[in-house]
Amino acid sequence: MKGEKNVDIQALKDIANKLRIDSIVATNASKSGHPTSCASMAEIMSVLFFHTMRYKVSAPKDPSADRFILSKGHAAPILYAAWAEAGLFPLDDLKNLRKLTSDLEGHPTPRLNFVDVGTGSLGQGLAVAAGMAYVGKYFDQAPYRVYCLVGDGEAAEGSVWEALHFAGHYKLDNLVVVFDVNRLGQSEPTSLQHQMDVYKARLQAFGSHTLVVDGHDVTELVKAFDEAANTSGRPTAIVAKTYKGKGFPGIEDKDNWHGKALGADGEKIIKHLQSLMKSQSVSLKPRAPLAAAPRVHLEDLTLSSPPAYKLGELVATRLAYGHGLKKLADNNQRVIALDGDTKNSTFSDKLRNAYPDRYIECFIAEQTLVGVATGAACRDRAVVFASTFAAFFTRTFDQIRMGAISQSNMNLVGSHCGVSIGEDGPSQMGLEDLAMFRAVPTATVFYPSDAVSTERAVELAAGTRGICYIRTSRPNTPVLYENDAVFKVGEARVVVQSAADQALVIGAGVTLHEAMAAVESLRAEGVSVRVMDPFTIKPLDEAAVRAHAAAVGGRVVVVEDHYQAGGLGEAVMSALALVRGSVVRHLCVREVPRSGAPQELLDHYGLSARHVAAAIREILKA
């Protein structure tokens, strides 16, 4: 069905007003929500869902179907209304909006079978859509298309423009972004208001095929979406001039109506909207997908060969990550890597060099890196590993927490953690990352301490649901484990142990090796100390921590290359909080560090073997 002459224009107009009415009914029932934000995009949603997009109501997440991302997630009621009008669920369910017992939440989440990702933290939807479009164009090579609706208020977010740059660079002609330019923000008009020429110039500069339309003219929208479908070599941006509260007499284009149910005015406005409709029983059915997307096999996520290191061999865990990633990709064609121009430091280039078509360079735009990773992992189309320096994930925390809300299964890998990176200084040192990822409810946090455990962490992360974070280190450290050692999520390993142990030291990464050196020096003094490698910081093997702490009289020293708050030390103290007689000494970085040689910095900030030994002596006196 192409071209205006084959489209029931009046039906699309009527559906737009039905969607407005549905949004009023839903928000009035909940006594909260954003009906005016829904009203501005009613014609856009009508044309998208009942003319343009190809999908199956019976299978909303069919991999062959077009995708829709509502970046301005506060307009959730009209998204719910569109699916209800399409026949997915009864219209009466809209009256359960925002109720504890309903999945129709205030902003969309994947608790709903027609929502791919959670949205509502503004400025993030387009990067996710770009990740979906990249997979569709380059991996699936299927004809499904991706549509993303962005509010003009959120267009002030730099992440929107990062994502536009990504989409233009990779010529994502299967991606259409619609800007709902309704002029009004939450508390005042947007900075550009209705300067459509400025939007157009900016979008063209970012490489988009740009169309400016009347967002309330169904005919113009039909033509624009049809033109987008016939545009090749670049994404399309449709800039729709709209009005907040469109069709609501006395409210349309008025300030101070953001996020407010219409209340007593609702019934009067509903009657007005009904008077604009030729038919209140109109129904249009969505078109089926053009072709089936390829079947994807995400099983057998194992290394193509086991680790092959010698005990004592000096290997950086960041390098072992690259080896493990490449081996994982050997066995599964849907293992992909993303990076932010640090691939020769994180060693994600090991996959890129072997399988260049399965590597996505996101350049120095980490928010887009995580957003694209979230989109690429959607609908289980790929096993995604995204890497950069651990420090730089801090600027993506909002994307990460939204990834958790989105039930994402992406894997994030942070190298260059802690003061042990050395001379580059504090701006490059990941010292907050463990705290950040431990706070994410769906996260598994790996902190491998040698090359063997790092390769196995990659393998385990690939098959672990939720967000996985692997913390890797810059310095070369000795291989501790035999190549056939077995690792499990949430299972610690004790690397030094005797029946005469008087204390327990827990370290990870470089500090585990400092702990082992300290214990070796104390042995000459007749002091026997146990050393534990937690392997995963979340979940921490709390049972092992408690058991081994009890075996040494409750005396525990934790040493970590991380700030005091939120890392390994606090995880251990939480595990021991209700254990009587436990004493924990926590060695960590307690101030903003400075540049220096790696070993010099470990010593200066109290993490070196001599400081660990001193802490053990002190705790034995307690």
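Predicted model only: the values in this text are computed from it and were never measured.

What counts as what
- Residues numbered from 1 in each chain as written.
- Predicted model: local features only at pLDDT ≥ 70, side-chain atom pairs only at ≥ 80, totals over all residues.
- Heavy atoms only, no water.
- Pairing = 2+ DSSP bridges.
- Helix = DSSP H or I, 4+ residues; strand = E, 2+ residues; numbered from the N terminus.
- Axes fitted to C-alpha atoms, helices over the stretch in contact; angles between N-to-C directions.
- Phe/Tyr/Trp six-rings, centres within 6.5 Å; stacked < 30°, edge-to-face > 60°.
- Buried < 20%, exposed > 50% of the residue type's maximum accessible area, 1.4 Å probe, protein only.
- Right-handed = clockwise from strand over helix to strand, strands pointing away.
- 1 Å grid on protein atoms, 1.4 Å probe; cavity = no way out; pocket = protein on both sides within 12 Å on 5 of 7 lines; lining within 4 Å.
- Points joined across faces, edges and corners; volume = space filled by probe spheres on them.
- Nonpolar A, V, L, I, M, F, W, Y, C, P; charged D, E, K, R; others polar.
- Core = buried A, V, L, I, M, F, W, Y, C linked by side-chain atoms within 4.5 Å.
- Contact = heavy atoms within 4.5 Å.
- Domains from an automatic or database assignment.
- Buried area = accessible area lost by both parts, 1.4 Å probe.
- Polar contact = N/O pair within 3.5 Å; in protein donor to acceptor, adjacent residues only side chain to side chain.
- Parallel < 35°, antiparallel > 145°, perpendicular 65-115°, else oblique.
- Left-handed = near helix turned anticlockwise from the far one by under 90°.
- Arc of directions from axis to C-beta.
- Salt bridge = Lys/Arg side-chain N within 4 Å of Asp/Glu carboxyl O.

Let's shift gears to the sheet that holds strand 10 (residues 411-415). Taken in spatial order, the seven strands line up as 8-7-9-10-12-11-17 in an open sheet, and their pairing is mixed. What marks the edges here is a single partner per strand, and that holds for strand 8 (359-361) and strand 17 (536-538). Between one strand and the next, the sheet's axes are offset by a mean angle of 20 degrees, whatever the strand orientation. Strand direction decides the pairing type here: strand 11 (residues 444-446) and strand 12 (residues 468-471), joined by three bridges, are parallel. In the sheet register, V445 faces strand 12, and the bridge partner there is Y469.

With that settled, the discussion passes to the packing of aromatic side chains. How two aromatic rings sit relative to each other is given by the distance of their centres and the angle of their planes. Evaluation of the coordinates by the stated rule reveals 23 aromatic pairs. Residues Y321 and F385 carry aromatic rings whose centres are separated by 6.5 Å and whose planes lie at 45 degrees to one another, so their mutual orientation is tilted. Of this pair, Y321 sits in helix 10 (residues 317-331) while F385 sits in strand 9 (residues 383-389), and the two are 64 residues apart along the sequence. The exposure class assigned to F385 is buried, which follows from its relative accessible area of 0%.

With five of its six residues buried, strand 5 (residues 236-241) lies for the most part within the structure. Summarising the sheet, strand 3 (residues 175-181) and strand 5 pair through six bridges and their orientation is parallel. Residue pairing in the sheet places V178 in a bridge with I238 of strand 5. Where strand 4 (residues 209-214) meets strand 5, six bridges bridge the pair, whose relative direction is parallel. Bridge pairing in strand 5 links T210 to A237. Assessed by its sense of winding, the connection that carries the chain from strand 4 through helix 8 (residues 218-229) to strand 5 is right-handed.

Before going further, it helps to examine empty space enclosed by the protein. Taken as a whole, this structure holds four cavities of 30 Å³ or more when the rule is applied. Lining the largest cavity are 18 residues; nearest its centre among them are F68, I69, F114, V115 and D116. Mapped by element, the contributors of at least two residues to the lining of the largest cavity are strand 1 (67-70) and helix 4 (76-86). In terms of residue count, the dominant contributor to the lining of the largest cavity is strand 1 (four residues). Taken together, the residues of the lining of the largest cavity sort by class into 13 nonpolar, one polar and four charged. Roughly 100 Å³ of volume is contained in the second largest cavity. Around the second largest cavity, the lining is made up of 15 residues, and of these G118, Q124, V128, T374 and M402 lie nearest the centre. Elements supplying a minimum of two residues to the lining of the second largest cavity: helix 5 (125-140), helix 13 (366-377) and helix 14 (397-405). Here the lining of the second largest cavity is built from residues that sort into four nonpolar, 11 polar and no charged.

What follows concerns the nonpolar core. Ranked by size, the top nonpolar core spans 85 residues in total, and within it F179 and L338 carry the most contacts. Considering every element that reaches this core, the biggest residue donor is helix 5, with 10 residues. In this structure, F179 is in contact with V150, A155, V160, L164, L203, I238, V239 and A240, ignoring residues within four places of it in sequence. In terms of nonpolar packing, the next biggest core, distinct from the first, is built from 55 residues, V7, L48, F68 and Y147 among them.

What follows deals with the sheet that holds strand 18 (residues 555-563). Hydrogen bonds between backbone atoms are what pair the strands of a sheet, whose relative direction is either parallel or antiparallel. Read from one edge of the open sheet, five strands run 14-16-15-18-19, paired in mixed fashion. Looking along the sheet, the strands with just one partner apiece sit at the ends: strand 14 (493-496) and strand 19 (583-589). Strand-to-strand, the axes of this sheet are offset by a mean angle of 25 degrees, without reference to chain direction. The pairing of strand 14 with strand 16 (residues 529-533) spans three bridges and is antiparallel. Along strand 16, the bridge assignment pairs R493 with D533. Together, strand 14, strand 15 (503-507), strand 16 and strand 18 form the strand contacts of helix 17 (residues 510-523), whose direction differs from that of strand 16 by roughly 170 degrees. Sitting on the sheet, helix 19 (residues 568-575) is in contact with strand 15, strand 18 and strand 19, with an inclination near 150 degrees to strand 18.

To continue, consider the domain arrangement of the chain. Segmenting the chain into domains produces domain 1 (14-276), domain 2 (313-479) and domain 3 (493-620). With centres defined by C-alpha atoms, the gap from domain 2 to domain 3 works out at 25 Å. With 36 residues of domain 2 at the contact, the number on the domain 3 side is 33 residues. With both chains or domains summed, domain 2 and domain 3 bury close to 2,500 Å², and 63% of this area falls on carbon and sulfur atoms. Seen at the junction of domain 2 and domain 3, the total is 20 residue pairs in polar contact (both at pLDDT 80 or more). Elements that contribute at least two residues to the side of domain 2 that touches domain 3 include exactly helix 15 (433-438), strand 11, helix 16 (451-462) and strand 13 (476-478).

Glancing now at the packing of helix 17 against helix 21 (residues 609-621). Look at helix 17 against helix 21: their axes get within 8 Å of each other, and the N-to-C directions meet at 60 degrees. One finds that helix 17 runs oblique with respect to helix 21. Considering how the two elements wind past one another, helix 17 and helix 21 form a crossing that is right-handed. Residues E514, A515, A517, A518, V519, S521 and L522 of helix 17 form the contact with helix 21, whose participating residues are A609, V612, A613, I616 and R617. A breakdown of the residues in the contact of helix 17 with helix 21 according to their chemical character gives nine nonpolar, one polar and two charged.

This part is about helix 9 (residues 265-275). For helix 9, the full list of buried residues reads G266, I269, I270 and L273. Each buried residue of helix 9 lies within a common arc of 105 degrees when the element is viewed along its axis, so the set occupies one face. Exposed residues pointing more than 90 degrees away from the buried face of helix 9 are listed as E267, K268, K271 and S275. The inward-facing, buried residues of helix 9 contact helix 1 (9-30).

Attention now moves to helix 4. With 11 of 11 residues buried, helix 4 is to be regarded as a mostly interior element. Here helix 4 has its buried residues at A76, P77, I78, L79, Y80, A81, A82, W83, A84, E85 and A86. In this structure, the buried side of helix 4 is in contact with helix 1, helix 2 (35-39), helix 3 (42-52) and strand 1.

To continue, consider the pattern of salt bridges. For the coordinates displayed, the defined rule picks out 27 salt bridges. The partner of K343 in a salt bridge is E361, with the nearest N and O atoms 2.8 Å apart. On the criterion of sequence distance, the pair formed by K343 in helix 11 (residues 343-346) and E361 in strand 8 is long-range, its members being 18 residues apart. For E361, a relative accessible area of 7% puts it in the buried group. Taken together, the salt bridges that share partners define one network made up of D140, R334 and R381.

The subject of this paragraph is the side chain of T342. By secondary structure assignment, the location of T342 is in the loop between strand 7 (335-339) and helix 11. The buried category is assigned to T342, whose relative accessible area is 9%. Within the structure, T342 has its side chain in polar contact with the side chain of D339 (distance 2.5 Å). Each residue touching T342, except ones within four places of it in the same chain, is listed here: F347, S387, T388 and F389.

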